[in-house]
Amino acid sequence: MVRLPLTPAEVERGQRLGALLRRARGERPMLDTALDAGVSPETLRKIESGRVATPAFPTIAAIADVLSLSLDAVWAEINQPDDGVEPTRSGRNARERLAS
């Protein structure tokens, strides 16, 4: 399967997701958070740094659960436009964007 390049809005959304997870994790060790969520520490590191801008939905759901974040809150925060940039509607639905 060929992956389409990410749009600037998708990259920004990934960066907002990473920042949200870092804030929610606070002083909790990345290793503990990752292991509790059932993901590798490297996966969590990549998501938090924005290197994985569109992580799989189950991955985000597991991390959010460990950090006591509701998925509604995550979705609302990562879709807040920064600097006047509106989130794009690329024709793919939300599940496809998160899972790709």
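Let me sum up the structure you'll find in this document.

Conventions used here
Residues numbered from 1 in each chain as written. Predicted model: local features only at pLDDT ≥ 70, side-chain atom pairs only at ≥ 80, totals over all residues. Heavy atoms only, no water. Helix = DSSP H or I, 4+ residues; strand = E, 2+ residues; numbered from the N terminus. Buried < 20%, exposed > 50% of the residue type's maximum accessible area, 1.4 Å probe, protein only. Axes fitted to C-alpha atoms, helices over the stretch in contact; angles between N-to-C directions. Parallel < 35°, antiparallel > 145°, perpendicular 65-115°, else oblique. Contact = heavy atoms within 4.5 Å. Salt bridge = Lys/Arg side-chain N within 4 Å of Asp/Glu carboxyl O.

### With respect to unusual backbone geometry
Thinking step 1. Even without glycine at this site, Ser68 takes up a positive phi of about 60°.
Thinking step 2. Along the chain, Ser68 turns up in the loop between helix H4 (57–66) and helix H5 (71–78).
Thinking step 3. By relative accessible area, Ser68 is classed as exposed at 68%.

### Considerations on the packing of helix H3 (residues 41–49) against H4
Thinking step 1. Their axes nearest at 12 Å, the elements H3 and H4 cross at an angle of 90°. It follows that H3 is roughly perpendicular to H4 by the angle criterion. Contacts between H3 and H4 pair Thr43, Leu44 and Ile47 from the former with Thr59, Ile60 and Ile63 from the latter.

### Focus on the pattern of salt bridges
Thinking step 1. Scanning all chains against the criterion turns up six salt bridges.
Thinking step 2. Arg25 is the salt-bridge partner of Glu48, the closest N and O atoms lying 2.8 Å from each other. With a gap of 23 residues between them, Glu48 in helix H3 and Arg25 in helix H1 (residues 8–25) connect regions that are remote in the sequence.
Thinking step 3. Judged by its relative accessible area of 4%, Glu48 falls in the buried class.
Thinking step 4. For Arg25, a relative accessible area of 15% corresponds to the buried category.
Thinking step 5. The partner of Arg51 in a salt bridge is Glu42, with the nearest N and O atoms 3.8 Å apart.

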